[in-house]
Amino acid sequence: MPEALPTTPDGILLVLAVMVPFAGLLVAFAFGGRNAQRIALLTIVATAGVAAAITMVALRGDATLVYLLGGWAPPLGIALRADPLALVMIPAIALVIVGIALYACADFGTPAGPRESRASLVFWVLLLAIWGALNLVFLSGDLFTLYVALELLTFGAVPFVALDGRPETLRAALRYALYALLGSVFYLLGTVLLYGAYGTLDIAQLRELVRPQPVVLVAAALMTVGLLAKTALFPLHLWLPPAHAGAPPAASAVLSGLVIKGSWFLVVRLWFDVLPGVVTLPSAQLLAAFGAAAILVGNVVALRQERLKLLVAYSTVAQIGYLFLMFPLAFDATAGALVPGAALAGGMLQAISHAMAKAAMFMAAGLLYKSLGHDRIGEMGGIGRALPLTVLTFALAGLALMGLPPGGAFAAKKLLLDAAGASGQWWWALVLDVGGLLTASYVVLVLGHALTRAPAPIQPRAKVSRLAEFSALALALCSLALGLVALGPAPFDALPNPLVAKEFGSALVTLLGGAVLALLLGLRLPPLPGGGALAEGLRRATVTVGAGFVRADGVLRQWPVATLALILAALAFGVAFAPRG
Amino acid sequence: MIDIATLFGLCASVLVGIGVYAMITSPQPLRKIVAFNVIGNGIFVLFGAIAYRGAGAGWGGDPVPQALLITGLVVSFCATALAVSLLLRQHQVAGTASVASEPATSEATPDA
């Protein structure tokens, strides 16, 4: 069995990244009341400091930080490792959490007057839990510790769904809990099988040991599918739309921007670090095919929503699909293995920029809801004048999600398109472009409604906090400015330069195409201007198609169908993992 | 003659199979929670069998799975407690409890 790396000098930082949030959680919970928020904010500052320190050490050139817990080397001990993948995620997640925490000070603040509320205590305590669990997911080098981290993440996320305690959110939370638990037992079963075969759960050691034997194929299929259920990759997304749309905005931002990235990150870990030699091209294609279906169905169903928060939730269903497109593009046919390269960099960049943009979008949607007292897209006229900053935030987050320059998603899309071109897999390039168009269409649709003139000026039902508006705007700007790191020093200069005239031309095309799609597929629009019989016929046809997608989504989100889909997906992956020839 | 590790492995498979079946077919959330526990116990039995076999390390009896198993039990106990408390709360608030899909709504009851 290969020797494990020893603890590195700054390895203790990794322990702090996990310990500090959980310690803060316990203290905040013990003191409760108005102290909870203060302790949580202090802990957030401390953890962000640890994340910054880890990033500084990494930028200084130490490739991998390692800490062996208790000095015990794997397979008996457990190692924490900060490899480049973790080093990308930790600062990005820290930034998003800080943004969300500032935003949440308005909704879950604990001012001097009223008594403590259950929702704000739970929010602050669980925000720390989710952060600690995410850091453990990124840093742990042991598959069983990752299982525990994943469960901690779910335990933190489920109550977030039901923070306001309405019956429909409780139902959404229970559905999420049960489906996520089913996913995690699949993952656990796979872990147990791997231990039975090799006697270790350490990622670095397993990587050297695994061979494409039947037991490994079964374990890999079970673990992958279990993680996909927790990530809500289409068609295993039954729990996501009601859960993410029903939660309070700050909680939705955490769920949509961060929590799903935990289980997604584990799929990346599993495929690139544990099973790079076991993964076959058909299995990678299958994973990306689920992603492509997610992009298509998620986007079209998003376009057919009447409520803004549901639209944003379905947009998440679609964006999860993007995160899985990198797998076949990272497959090296000559080596017969997954290799980290431009495609993986693109996928990671996509995840980060989505985390920021989607958090900003949910935060903006929450502010619109608060001000209007509803979130019906068709009745948003005039809000652009009442809340210009928030509508701008929504627009900027939308531009970032579409993959327009200079956003992080733009650079990600470029990297993936290049990888698709280099490996001759043009169909994934097509999916990326169509996905961008569809994303543009619902952003244009919402902005079109928000910017129309209202018959009478809007009377805001509640004042929104400036701090909340600015923190949402800051996250949207971060996502949109992420592509500019390409102008920085090496290694960032390998990223595509977003400030090229040609890119702005294609951005314009995306926006115009999106506007046309919005006119064709959107709900409750006036008849097409100057539309002849042909245009009307076209619109009727596309509306029928859109309604078909909505109905299909409804069928797939029924419990028996979704659980059967889980089993079938596991079987399909088992077959796809089988070596050829 | 079938050896004891294989026998326990088969029992584990049966438990997992029963649990997955109930998870898919039974509409009541409480039964789904029980089904989750049946699957979990199946996995723990399998882990016990692997420990008895000595795992890949080739020892005669492996203590590591027992440590992991106890952690797994704690985690699954917490998961069950969380799910049951959500179920109870839902029953308290709505009078019924289910996880059936309904047209998802994002609109709060108007607060005015």
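Procedures and definitions
- Here the residue numbers are simple positions, counted from 1 along each chain's written sequence.
- Starting at A for chains and at 1 for ligands, labels are handed out in the order in which the entities are written.
- Thresholds applied to this predicted model are a pLDDT of at least 70 for local features of residues and 80 or more for the giving and counting of side-chain atom pairs; totals over whole chains, interfaces and linings are not thresholded and use all residues.
- Fitted lines through C-alpha atoms give the axes, limited to the stretch in contact for helices. The angle between two N-to-C directions lies from 0 to 180 degrees.
- The way it works is that DSSP assigns letters per residue, a run of H or I at least four long becomes a helix, a run of E at least two long becomes a strand, and they are numbered from the N terminus.
- Orientation categories follow fixed angle ranges, with anything under 35 degrees roughly parallel, anything over 145 roughly antiparallel, 65 to 115 roughly perpendicular, and all other angles oblique.
- The handedness criterion is simple: a crossing whose near helix is rotated anticlockwise from the far helix by less than a right angle is left-handed, and one whose near helix is rotated clockwise is right-handed.
- By the criterion used throughout, residues are in contact when their C-beta atoms, derived from the backbone, lie within 7 Å.
- Under the scheme applied, nonpolar residues are Ala, Val, Leu, Ile, Met, Phe, Trp, Tyr, Cys and Pro; charged residues are Asp, Glu, Lys and Arg; polar residues are all the others, including Gly.
- Partly exposed residues are those falling between the two cut-offs: more than 12 but fewer than 20 other C-beta atoms within 10 Å of their own, whereas 20 or more means buried and 12 or fewer means exposed, with C-beta atoms placed from the backbone.
- Paired strands, as defined in this entry, are two strands with at least two bridges between them according to DSSP.
- Take the residue count of a helix, subtract one, and multiply by 1.5 Å to get its expected span.
- Scored between 0 and 100, pLDDT is the confidence that the predictor attaches to each residue.

Notes on the packing of helix H1 (residues 12-31) of chain A against helix H4 (residues 118-139) of chain A
Residue and element names in this part refer to chain A.
Reasoning step 1: At a minimum axis separation of 8 Å, H1 and H4 run at an interaxial angle of 160°. One finds that H1 runs roughly antiparallel with respect to H4. Crossing handedness for the pair H1 and H4: left-handed. Residue-level inspection shows Leu14, Ala17, Val18, Pro21, Phe22, Gly24, Leu25, Ala28 and Phe29 of H1 in contact with H4, the latter providing Trp124, Val125, Leu128, Ala129, Trp131, Gly132, Asn135, Leu136 and Leu139.
Reasoning step 2: In terms of residue class, the contact of H1 with H4 is made up of 15 nonpolar, three polar and no charged.

Let's talk about the pairing of strand E2 (residues 79-82) of chain A
Consecutive residues of a regular strand have side chains that alternate between opposite faces of the sheet.
Residues and elements named next belong to chain A.
Reasoning step 1: Neither face of E2 is open: one carries Ala79 and Arg81, the other Leu80 and Ala82, and all of them are buried.
Reasoning step 2: Relative to E2, strand E1 (residues 65-68) is paired through four bridges, and the arrangement is antiparallel. Across the sheet, the residue bridging to leucine 68 is alanine 79, located in E2.

Details of the environment of A:Leu95
All names here are of chain A.
Reasoning step 1: Inspection of the secondary structure puts leucine 95 in helix H3 (residues 84-107).
Reasoning step 2: Classification of leucine 95 by C-beta neighbours within 10 Å gives buried; the count is 20.
Reasoning step 3: For the pair leucine 95 and valine 254, spaced 159 residues apart in sequence, the C-alpha to C-alpha distance is 12 Å.

Some thoughts on helix H8 (residues 214-231) of chain A
Residues and elements named next belong to chain A.
Reasoning step 1: Given a rise of 1.5 Å per residue, 18 residues ought to cover 26 Å, and the 26 Å separating the end C-alpha atoms of H8 matches this to within 8%.
Reasoning step 2: With 15 of 18 residues buried, H8 is to be regarded as a mostly interior element.
Reasoning step 3: Where H8 terminates, the next one or two residues include alanine 232, which has phi positive at roughly 65°.

As for the interface of chain A and chain B
Reasoning step 1: The partner chain B presents 42 residues to the 46 residues of chain A that form the contact.
Reasoning step 2: Every element with two or more residues in the side of chain A that touches chain B is listed here: helix H5 (143-161), helix H6 (167-198), helix H9 (240-246), helix H12 (308-323) and helix H22 (559-577) of chain A.

Concerning unusual backbone geometry
Excluding glycine, most residues fall at negative phi; most peptide bonds, likewise, are trans.
Residues and elements named next belong to chain A.
Reasoning step 1: Note the cis peptide between phenylalanine 234 and proline 235, where omega equals 0°.
Reasoning step 2: Inspection of the secondary structure puts proline 235 in the loop between H8 and H9.
Reasoning step 3: The omega torsion of the bond from proline 405 to proline 406 falls at 5°, within 30 degrees of zero and hence cis.
Reasoning step 4: Within the secondary structure layout, proline 406 lies in the loop between helix H16 (388-402) and helix H17 (408-422).
Reasoning step 5: Here alanine 232, not a glycine, exhibits a phi torsion of approximately 65°, which is positive.
Reasoning step 6: Take alanine 232: it is sitting in the loop between H8 and H9.
Reasoning step 7: On the basis of neighbour count, alanine 232 is assigned to the buried category, with 30 C-beta atoms found within 10 Å.

Describing the environment of A:Leu228
Reasoning step 1: For A:Leu228, the position within the fold is in helix H8.
Reasoning step 2: When residues no more than four places from it in sequence are discounted, the contact partners of A:Leu228 are A:Leu233, A:Leu236 and A:Ala569.

Side note on helix H2 (residues 35-59) of chain A
All names here are of chain A.
Reasoning step 1: Between its terminal C-alpha atoms H2 stretches 36 Å, which fits the 36 Å expected from 25 residues at 1.5 Å a residue.
Reasoning step 2: All of the buried residues along H2 are Ala36, Gln37, Ile39, Ala40, Thr43, Ile44, Thr47, Val50, Ala51, Ile54 and Ala58.
Reasoning step 3: Of the surrounding elements, those touching the buried residues of H2 are H1, E1, E2, H3 and H4.
Reasoning step 4: Trailing H2 by a residue or two, glycine 61 shows a phi angle of about 120°, which is positive.

As for the confidence of the model for chain B
Residue and element names in this part refer to chain B.
Reasoning step 1: Summarising the model, chain B shows a mean pLDDT of 82, and 83% of its residues fall at 70 or more.
Reasoning step 2: Predicted confidence for residues 103-112 stays below pLDDT 50, and this span has 15 contacts to residues more than four positions away or in other chains.
Reasoning step 3: Predicted as a complex, the structure gets a pTM of 0.91 and an ipTM equal to 0.89.

A closer look at the environment of A:Met326
Residues and elements named next belong to chain A.
Reasoning step 1: Relative to the assigned elements, methionine 326 resides in helix H13 (residues 326-329).
Reasoning step 2: Residue classification places methionine 326 among the buried positions, given that 34 C-beta atoms sit within 10 Å.
Reasoning step 3: Along the chain, methionine 326 and leucine 344 lie 18 residues apart, while their C-alpha atoms are 6.2 Å from each other.
Reasoning step 4: Residues contacting methionine 326, with those up to four places away along its chain left out, are Ala343, Leu344, Gly346, Gly347 and Leu416.

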